[in-house]
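# Survey of secondary and tertiary structure
Spelled out from the first residue to the last, the chains are:
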Amino acid sequence: MSIVLHVDSSVRAESNLNSEYDSISKKLAKRFVTQFRKYVEIDEYIYRDVGINPPHFITQEWIGAVFTPESKRNKQQIQTLALSDELIAEVERADLIVISSPMYNYGMPAQLKAWFDQIIRVNKTFDFDLARGDQPLAPLLSGKTLVIITSSGEFGFEKGGVNEASGHLVPHLRTLSKYLGVSDIYEIASEYQEFADHRHEQSLQNAKNKAEALAAQLATIPAKTGQRTRKLKG
Ligand SMILES: Cc1cc2nc3c(=O)[nH]c(=O)nc-3n(C[C@H](O)[C@H](O)[C@H](O)COP(=O)(O)O)c2cc1C
């Protein structure tokens, strides 16, 4: 059994009348998923485009509902948490999570952050215990694989890169992924979009190649979530 959760977050569509406007991160994620599905029988494919259909921002009422014991929540509070419950259930079911993200202002789009804010929730995806000393938060989910696919206009955000200090996108995603129950992370990045030169072409080609190679590689690795194993095709 293999369940894939695919979350796109660019505000650009994957395919536009003018293909110059197409989202690079969405196209790369589609390439990865399409290729993965050639190798693996997917039992469930869950897709969210949070760039185009963003989750609500959390509110004071949302926090109040979260901190009200489940048995004591009123109808309004249950309704307030309905989307969060639904998004968390999708993460819980998945053994492979694919998140594609553009870099906006050196980090993730607000829409993707809103998705995380709905999901990282006390007693659902993490618990809090001061007995753990200076690290009171512990994730409640485990065993998932995450593929992070990014596109940026500039370049060099990786460790040792010229813009490392401004690279808040992947480090933030890595930090938050712990609370999705992620144990293995793979990255694919396309850079230089704003330069529109040969470096962008090369970077994009490398990312496409990596997406295909990673799909083949991950197909052969058994899923670690619960009793799930990936059933290879052919
Ligand atoms: C609002 C906005 C903010 C951006 N901020 C950055 C940035 O801080 N650093 C960067 O390298 N590129 C930045 N870019 C360029 C995008 O990362 C680049 O166009 C990327 O390809 C967008 O992803 P997409 O093609 O999947 O839509 C920004 C683009 C937009 C629209």
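Residues numbered from 1 in each chain as written. Predicted model: local features only at pLDDT ≥ 70, side-chain atom pairs only at ≥ 80, totals over all residues.

## A short note on the overall build of the chain
This is how the line gets drawn: Strands here are runs of E lasting at least two residues and helices are runs of H or I lasting at least four, both read from the DSSP assignment and numbered beginning at the N terminus. Radius of gyration: over C-alpha atoms. The globule rule applied is 2.2 Å multiplied by the number of residues raised to the 0.38 power. Residues with at least 20 neighbouring C-beta atoms inside 10 Å of their own are called buried, those with 12 or fewer are called exposed, and the rest are partly exposed, where every C-beta is derived from the backbone. Residues are defined as contacting one another if the C-beta atoms placed from their backbone atoms lie within 7 Å.
Of the regular secondary structure elements, the chain holds seven helices and seven strands. Along its sequence from the N terminus, the chain presents helices and strands in the succession β-α-β-α-α-α-β-α-β-β-β-α-β-α. Against the 2.2 N^0.38 benchmark of 17 Å for 234 residues, the chain shows a C-alpha radius of gyration of 18 Å, consistent with a compact globule. Its C-alpha atoms put the chain at 60 × 45 × 40 Å along the principal axes. Considering the chain as a whole, with its 234 residues, one finds that 36% of them fall into the buried category. For the chain, contacts bridging at least 24 residues in sequence account for 73% of all contacts bridging at least 6.

## Brief notes about the nonpolar core
This is how the line gets drawn: Note on terminology: a nonpolar core is a set of buried residues of type Ala, Val, Leu, Ile, Met, Phe, Trp, Tyr or Cys, with members joined through C-beta atoms within 7 Å.
If you look at the biggest cluster of nonpolar residues, it comprises 44 residues, and the most contacted ones within it are Leu 28, Phe 32, Val 91, Ile 97, Val 98, Ile 149 and Leu 180. Of the residues forming this core, the biggest block, six residues, is contributed by helix α1 (residues 24–39). Among residues more than four places away in sequence, those in contact with Leu 180 are Val 91, Ile 97, Ile 119, Leu 141, Lys 144 and Leu 146.

## Considering the site of the ligand
Definition in use: Think of it this way: take the backbone, place a C-beta atom on it, and check whether that atom is within 6 Å of the molecule or strand, in which case the residue is near it. When residues are grouped by polarity, Ala, Val, Leu, Ile, Met, Phe, Trp, Tyr, Cys and Pro land in nonpolar, Asp, Glu, Lys and Arg in charged, and all others, Gly among them, in polar.
Near the ligand, the surroundings consist of 17 residues, among which Ser 10, Ser 25, Pro 102, Gly 153 and Glu 154 are the closest. Among the elements that make up the shell around the ligand, the one with the highest residue count is α1 (three residues). Residue composition of the shell around the ligand, grouped by class: five nonpolar, eight polar and four charged.

## Quick look at the sheet that holds strand β2 (residues 44–49)
Note the cut-off: The rule for pairing is simple: two strands pair if DSSP sees at least two bridges between them. Only the stretch in contact is used when a helix axis is fitted, and all axes are lines through C-alpha atoms; the angle between N-to-C directions ranges over 0 to 180 degrees.
Strands sit in the order β2-β1-β3-β6-β7 across an open sheet of five strands; the sheet is parallel. The sheet is open, and its two edges are formed by β2 and β7 (182–190), each paired on a single side. The sheet shows a mean angle of 15 degrees between the axes of neighbouring strands, taken without regard to direction. Examined bridge by bridge, strand β6 (residues 144–151) and β7 share eight bridges and lie parallel to one another. Its bridge partner lying in β7, Lys 144 is registered against Val 182.

## Structural notes on the packing of helix α4 (residues 82–93) against helix α5 (residues 110–119)
Rules: Roughly parallel means an angle under 35 degrees; roughly antiparallel, over 145; roughly perpendicular, 65 to 115; everything else is oblique.
Where α4 meets α5, the closest approach of the two axes is 8 Å, and the angle between their N-to-C directions is 90 degrees. Our classification of the angle between α4 and α5 gives roughly perpendicular. Contacts from Leu 83, Ser 84, Leu 87, Ile 88 and Val 91 of α4 reach α5 at Trp 115, Gln 118 and Ile 119. Taken together, the residues of the contact of α4 with α5 break down into six nonpolar, two polar and no charged.

## Observations concerning α5
The periodicity of an α-helix, 3.6 residues per turn, causes residues three or four positions apart to be oriented the same way. Just so we agree on the cut-off: In this description, the arc belongs to the directions extending from the helix axis to the C-beta atoms.
For α5, the full list of buried residues reads Gln 111, Leu 112, Trp 115, Phe 116, Gln 118 and Ile 119. Down the axis of α5, the sector holding all buried residues measures 160 degrees, keeping them to one side. Turning to α5, the residues buried within the fold contact β1 (3–8), α4, β3 (96–102) and α6 (169–177).

## With respect to the pairing of β1
Note on strand geometry: in a regular strand, side chains alternate between the two faces of the sheet. Note the threshold: The definition of a right-handed crossover adopted here requires that, viewed with the strands pointing away, the path from the first strand over the helix to the second runs clockwise.
Buried residues dominate β1, accounting for six of its six residues. Residues of β1 alternate between two faces, with Ile 3, Leu 5 and Val 7 on one and Val 4, His 6 and Asp 8 on the opposite face, all of them buried. As judged from the six bridges shared by β1 and β2, these two strands associate in the parallel manner. Bridge pairing links Leu 5 to Ile 46 in β2. Read from β1 through α1 to β2, the crossover connection turns out right-handed. Bridge analysis of β1 against β3 gives five bridges, and the strand direction is parallel. Along β3, the bridge assignment pairs Val 7 with Ile 99.

On their own, these measurements won't tell you what the molecule is for.
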